[in-house]
Amino acid sequence: MSDLFDLSGQAILVTGGTSYLGTAMCHALAEYGANVVIASRNLDKCTSLAETLTQTYSGKHSAIQLDVLDGQSVTAGVERAIQQYGRIDALINNANVSSPGFVESFTEEQWEKGIDGTINAVFRCTRAVLPYMLEKRKGTILNIASMYGVVSPNPEIYGTSGQNNPANYGAGKAAIIQFTRYLACHYGRKGIRANSISPGPFPNDQTQLNKEFIAQLSNKTALGRIGLPDELKGAVLLLVSSAGSYITGQNLAVDGGWTAW
């Protein structure tokens, strides 16, 4: 059974690889043999994580500086990864750039920044990687969406917590889910699978300091608690490995049951 999840020798590019959830993903991929290419705007953090992975697991792990808001930066970063490994077997579009605010007071620039940091970022990275995958007629794209691409935030949960989830975030994440389906349907017969994961409440360490807010999040889930980063590992491994070889065009909610009611 372990052979189904074996990623030995595969080069997998993870954008936003040093983020709260991205770090857990990178560890999971490295543990199962992948050569992980960690990408973000902060090269120092990427380098540090690559060194940690190298010391902890087998494989050849590397860091590249990549800004998902900049098409030229994305193209250059992907080219560096190709030069290093000669291939990109899987792309995990995890990076996100948010722009908080409210619909009634958003400027067009603020609104568009949130859209740019979600669906446009995923488009840029996918566009850069696709030609290499098409050449080999093989590849996997995994897009990280959100439970808020499926349902709306409940304002009663957020209350006065200051943790408002903006409309442009959910709109962008919903677009990612649809874009994933498009990729699956238009490139499946060319050897490329595309899926998305919609994480539920995985608040970072800083947010977890707000105990009242965490209690509200927990009460909304069927499991009665928030998620831990390691609980995303299984879904990622399933969808990028041979274990998921007949899965494409799907959105997997890893949300403790948040979207089930």
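Here, every reference points to the structure presented above.
Report follows, based on the coordinates. Since we're looking at a predicted model, the values are computed, not measured.

**Digging into unusual backbone geometry**
1) Next: The backbone of Arg137 sits at a positive phi, close to 55°, despite the residue not being glycine.
2) Next: Structurally, Arg137 is set in the loop between helix H4 (108-136) and strand E5 (139-144).

**Description of the sheet that holds strand E4 (residues 90-93)**
1) Next: Reading across from one edge, E3-E2-E1-E4-E5-E6-E7 is the order of the seven strands in this open sheet, with parallel pairing throughout. Two strands in the sheet have a free side with no partner beyond their single neighbour: strand E3 (62-65) and strand E7 (251-254). For this sheet the average axis-to-axis angle between neighbouring strands, irrespective of direction, equals 20°.
2) Next: Judged from the six bridges that link them, E5 and strand E6 (residues 192-199) form a sheet pairing that is parallel.

**Here we look at helix H3 (residues 71-85)**
1) Next: Between the first and last C-alpha of H3 there are 21 Å, a value that for 15 residues agrees with the 21 Å anticipated at 1.5 Å per step.
2) Next: When we look at burial in H3, the residues that qualify are Ser73, Val74, Gly77, Val78, Ala81, Ile82 and Tyr85.
3) Next: On the buried face of H3, the contacting elements are strand E1 (11-15), strand E2 (35-40), E3 and H4.
4) Next: A positive backbone phi angle near 75° is found at Gly86, which sits one or two residues after H3.

**Some words on the pairing of E5**
Across a regular strand the side chains alternate sides, sitting on one face of the sheet and then on the other.
1) Next: Burial within E5 is extensive, with six of its six residues counted as buried.
2) Next: Residues of E5 alternate between two faces, with Gly139, Ile141 and Asn143 on one and Thr140, Leu142 and Ile144 on the opposite face, all of them buried.
3) Next: Summarising the sheet, E4 and E5 pair through four bridges and their orientation is parallel. Each bridged residue has a counterpart across the sheet, and for Leu91 the counterpart in E5 is Ile141.
4) Next: At this point the chain moves from E4, through H4, to the parallel E5, and the crossover so formed is right-handed.

Conventions adopted
Residues numbered from 1 in each chain as written. Predicted model: local features only at pLDDT ≥ 70, side-chain atom pairs only at ≥ 80, totals over all residues. Heavy atoms only, no water. Helix = DSSP H or I, 4+ residues; strand = E, 2+ residues; numbered from the N terminus. Pairing = 2+ DSSP bridges. Axes fitted to C-alpha atoms, helices over the stretch in contact; angles between N-to-C directions. Expected span 1.5 Å × (residues − 1). Buried < 20%, exposed > 50% of the residue type's maximum accessible area, 1.4 Å probe, protein only. Contact = heavy atoms within 4.5 Å. Right-handed = clockwise from strand over helix to strand, strands pointing away.

Just geometry here; none of it tells us what the structure is for.
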